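# Structure assessment
Take a look at the letters that make up each chain.
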Amino acid sequence: MSAAVSGRGTVRTREQFEFIADAPLDVAWPLFGAVGERAWAPDWDPTVIWPAAGTDEEGMVFKVVQGDRTAVWVNTVLDRAAHRIQYVCVIPDLVITVITLRLSQTGPATQVAVTYERTALADAAGEAVTEMAGRDKAAGPVWAQQINHYLRDAGLSR
């Protein structure tokens, strides 16, 4: 885990992981939108604020309950041509997170590279943010297992 502490004591972390989704890019791509992720991530249940149609698109705003807090998410990049998705997530008074996904075709499968950048919004939030970063670092195998299980069960895997 890479963590930095500013002169004020604010914690900032950056974690990366990669995995293979066992499906072509055109099949895997929509599964990394906020709505598409519902298909394979068991506890993922966003409440879409905008757009009214509840579709994955750049500028989408949604909320996710996380324990006793509610996180507000914005899809800041949904660039199909560049195979890049980015979200900014804020848990007030705790953390702001930027999550960037880069997808690329690799043979009949899709390579997924994920980066989590977290910044504590208060000095007292540093320990919680460091714990989140530890979970981020370990998330790759979990994501791979969940999405590949879904792809197999749905008959979509390569």
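Refer to the structure presented above.
What this report covers is the structure whose coordinates are included nearby. (Residues numbered from 1 in each chain as written. Predicted model: local features only at pLDDT ≥ 70, side-chain atom pairs only at ≥ 80, totals over all residues. Heavy atoms only, no water.)

As a further point, take the overall build of the protein. Assigned secondary structure in the protein consists of 3 helices and 8 strands. Order of helices (α) and strands (β) in the protein, N terminus to C terminus: β-β-α-β-β-β-β-β-β-α-α. Here the protein has a C-alpha radius of gyration of 16 Å; the compact-globule value for 158 residues is 15 Å, and the two agree. With respect to the principal axes defined by its C-alpha atoms, the protein has extents near 50 × 35 × 30 Å. Buried residues in the protein amount to 42% of all 158 residues. Intrachain contacts of the protein at a sequence separation of at least 6 include 47% that bridge at least 24 residues. Taken as a whole, the protein presents about 8000 Å² of accessible surface, with 53% of it coming from carbon and sulfur. (Helix = DSSP H or I, 4+ residues; strand = E, 2+ residues; numbered from the N terminus. Rg over C-alpha atoms; globule rule 2.2 N^0.38 Å. Buried < 20%, exposed > 50% of the residue type's maximum accessible area, 1.4 Å probe, protein only. Contact = heavy atoms within 4.5 Å. Areas by Shrake-Rupley, 256 points an atom, 1.4 Å probe, with all protein chains shown as cover.)

Attention now moves to helix α2 (residues 126–137). In this model, α2 (12 residues) spans 17 Å end to end at C-alpha, consistent with the 16 Å of a helix rising 1.5 Å per residue. All of the buried residues in α2 are Gly126, Val129, Met132, Ala133 and Asp136. Seen along its axis, α2 keeps its buried residues to an arc of 120°; they face one direction. Along α2, exposed side chains directed more than 90 degrees from the buried face belong to Glu127 and Arg135. Of the surrounding elements, those touching the buried residues of α2 are β2 (11–21), β6 (84–91), β7 (95–106), β8 (109–120) and α3 (139–153). (Expected span 1.5 Å × (residues − 1). Arc of directions from axis to C-beta.)

Another aspect to go through is the pairing of β2. Going residue by residue along β2, you find Val11, Thr13, Glu15, Phe17, Phe19 and Ala21 tucked away on one face and Arg12, Arg14, Gln16, Glu18 and Ile20 left uncovered on the opposite face. The sheet contact formed by β2 and β8 spans 10 bridges and is antiparallel. Pairing of Glu18 across the sheet is with Ala113, part of β8. (Pairing = 2+ DSSP bridges.)

It is worth spelling out the packing of aromatic side chains at this point. As enumerated under the stated definition, the model contains 13 aromatic pairs in all. Taking the centre distance of 6.3 Å and the plane angle of 50° together, the rings of Phe19 and Phe32 count as tilted. Linking Phe19 in strand β2 with Phe32 in the loop between α1 (25–28) and β3 (47–50), this pair joins segments that are 13 residues apart in sequence. Side by side, Phe19 and Phe32 carry an identical accessibility label, which is buried. Taken together, the ring pairs in this structure connect Phe17, Phe19, Phe32, Trp40, Tyr116 and Trp143 into an aromatic cluster. (Phe/Tyr/Trp six-rings, centres within 6.5 Å; stacked < 30°, edge-to-face > 60°.)

A few words on the pairing of β6. Pairing between strand β5 (residues 69–79) and β6: 7 bridges, direction antiparallel. Residue pairing for β6: Val77 is matched across the bridge by Gln86. What sits between the antiparallel neighbours β5 and β6 is a turn of 4 residues, in which His83 has the positive phi angle 60°. Relative to β7, β6 is paired through 8 bridges, and the arrangement is antiparallel. In the sheet register, Gln86 faces β7, and the bridge partner there is Thr100. What sits between β6 and β7 in their antiparallel hairpin is a turn of 3 residues, with Asp93 showing a positive phi close to 65°.

Below, the discussion takes up the nonpolar core. Phe19, Phe32, Trp73, Leu101, Val114 and Trp143 are the most contacted members of the largest nonpolar core, which totals 40 residues. Tallying contributions element by element places α3 first for this core, with 5 residues. Beyond its immediate chain neighbours, meaning those up to four positions away, Phe32 contacts Phe19, Trp40, Ile85, Tyr87, Leu101, Leu103, Val112, Trp143 and Ile147. (Core = buried A, V, L, I, M, F, W, Y, C linked by side-chain atoms within 4.5 Å.)

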